[in-house]
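Descriptive analysis of the structure
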Amino acid sequence: MLIQLARLAITRYLETNQIIKPPQDAPERLFRKSGVFVTLNVTKPANELRGCIGFPYPEQPLVEAAIKAAIYAATEDPRFPPVSSGEMKLSIVVELTALTEPQVLKVHDRKSLPELIQIGRHGLIVASGGNSGLLLPQVATEWKWDSTEFLVNCCLKAGLPPDSWLLDGVDVKVFEGEIFEEVEPAGEVRRKIVGGT
């Protein structure tokens, strides 16, 4: 339901510049507060990222956050131009990741942080000062990273030096995600399993 809602939100916004309201008949669990990310991937000519925006913390109902994240992924991702209506219909698949609340990893020896990160299960947030970077659980498996490479790349995404995760005062948080994706544009929706879990 969330994938279909995300697609509808994007399509309606692109065509009318209006933000849809959550359906009142949506299951109650979708009105619980949750973090969420919406990822748009182009399938033609090749599978490539086209937009990804979300909210890592459970500050709004999942159904509302999914609508906003979908629209932002299509129109506000600074790495890409806005998605066109035709592109959305013909070549983009929607992926949605509903997140658990991020938890800070606490260790006595920062060098042991990689041992606490489960590839295919955990997503990461690295934050220090005003800098923050987030990588979804599926990113590490797609790039075939181990947990140290995952930490390094999350530091780089935050605009921090690659070994910043070793420094006191740099927060490293993990979260989990339940991932759903379209098989083809506006097609069948399936649960995405990453890392064999």
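The paragraphs below set out a description of the structure included in this document.

Reading the values: the criteria
- Residues numbered from 1 in each chain as written.
- Predicted model: local features only at pLDDT ≥ 70, side-chain atom pairs only at ≥ 80, totals over all residues.
- Heavy atoms only, no water.
- Pairing = 2+ DSSP bridges.
- Helix = DSSP H or I, 4+ residues; strand = E, 2+ residues; numbered from the N terminus.
- Axes fitted to C-alpha atoms, helices over the stretch in contact; angles between N-to-C directions.
- Parallel < 35°, antiparallel > 145°, perpendicular 65-115°, else oblique.
- Left-handed = near helix turned anticlockwise from the far one by under 90°.
- Contact = heavy atoms within 4.5 Å.
- Nonpolar A, V, L, I, M, F, W, Y, C, P; charged D, E, K, R; others polar.
- Salt bridge = Lys/Arg side-chain N within 4 Å of Asp/Glu carboxyl O.
- Buried < 20%, exposed > 50% of the residue type's maximum accessible area, 1.4 Å probe, protein only.
- Expected span 1.5 Å × (residues − 1).
- Phe/Tyr/Trp six-rings, centres within 6.5 Å; stacked < 30°, edge-to-face > 60°.

Inspection of the sheet shows strand β3 (residues 92-99) paired to strand β7 (residues 171-182) by 5 bridges, in the antiparallel sense. Residue pairing in the sheet places Glu95 in a bridge with Glu181 of β7. Direction of pairing for strand β5 (residues 122-128) relative to β7: antiparallel, over a ladder of 6 bridges. Each residue of the ladder has a partner; that of Gly123, found in β7, is Phe175.

In this section: the packing of helix α1 (residues 2-16) against helix α2 (residues 62-75). For the pair α1 and α2, the least separation of the axes is 8 Å and the interaxial angle reads 50°. As far as their axial angle goes, α2 and α1 are oblique. The way α1 lies across α2 gives a crossing that is right-handed. Residues Leu2, Leu5, Ala6, Ala9, Ile10, Tyr13 and Leu14 of α1 lie in contact with α2, whose contacting residues are Leu62, Val63, Ala66, Ile67, Ala70, Ile71, Ala74 and Thr75. Tallied by class, the residues present in the contact of α1 with α2 amount to 14 nonpolar, 1 polar and no charged.

Moving on to the pattern of salt bridges. Scanning all chains against the criterion turns up 10 salt bridges. Residues Glu178 and Arg191 are paired through a salt bridge, measuring 3.8 Å at the closest nitrogen-oxygen approach. Pair noted here: Glu178 is in strand β7 and Arg191 is in strand β8 (residues 189-192), with a separation of 13 residues, a long-range link. By relative accessible area, which is 35% here, Glu178 ends up partly exposed. The salt bridge involving Lys192 is made with Glu181; its shortest N-O contact spans 4.0 Å. Placement of Lys192 in strand β8 and of Glu181 in strand β7 is noted, with a sequence separation of 11 residues between them. Judged on exposure class, the residue Lys192 and its partner Glu181 are both buried.

When the terminal C-alpha atoms of α1 are compared, their 21 Å separation across 15 residues agrees well with the 21 Å that a helix rising 1.5 Å per residue should span. Those residues of α1 lying buried are Leu2, Ile3, Leu5, Ala6, Arg7, Ala9, Ile10 and Thr11. Buried residues along α1 sit against β1 (35-42), α2, α3 (85-90), β3, β7 and β8. Where α1 terminates, the next one or two residues include Asn17, which has phi positive at roughly 65°.

For the rest of this paragraph, the subject is the packing of aromatic side chains. Tallied over the full model, the rule gives 3 aromatic pairs. Here Phe55 and Tyr72 contribute two aromatic rings whose centre-to-centre distance is 6.2 Å and whose plane-to-plane angle is 65°, an arrangement assigned as edge-to-face. Highlighted residues: Phe55 in strand β2 (residues 48-55) and Tyr72 in helix α2, separated in sequence by 17 residues. When the centroid spacing of 6.1 Å and the interplanar angle of 20° are considered together, the rings of Trp143 and Trp145 count as stacked. With a relative accessible area of 59%, Trp143 lands in the exposed category.

Let us look at unusual backbone geometry. Peptide bonds are trans in most cases, and residues, glycine excluded, mostly fall at negative phi. You will see that Asn17, though not glycine, has its phi angle at about 65°, which is positive. Tracing the sequence through the fold places Asn17 in the loop between α1 and β1. The backbone of Lys144 sits at a positive phi, close to 60°, despite the residue not being glycine. Mapped onto the elements, Lys144 comes out in the loop between α5 (137-143) and α6 (147-157). Owing to a relative accessible area of 70%, Lys144 belongs among the exposed residues under this scheme.

Scope: geometric values only; no functional claims are made or implied.
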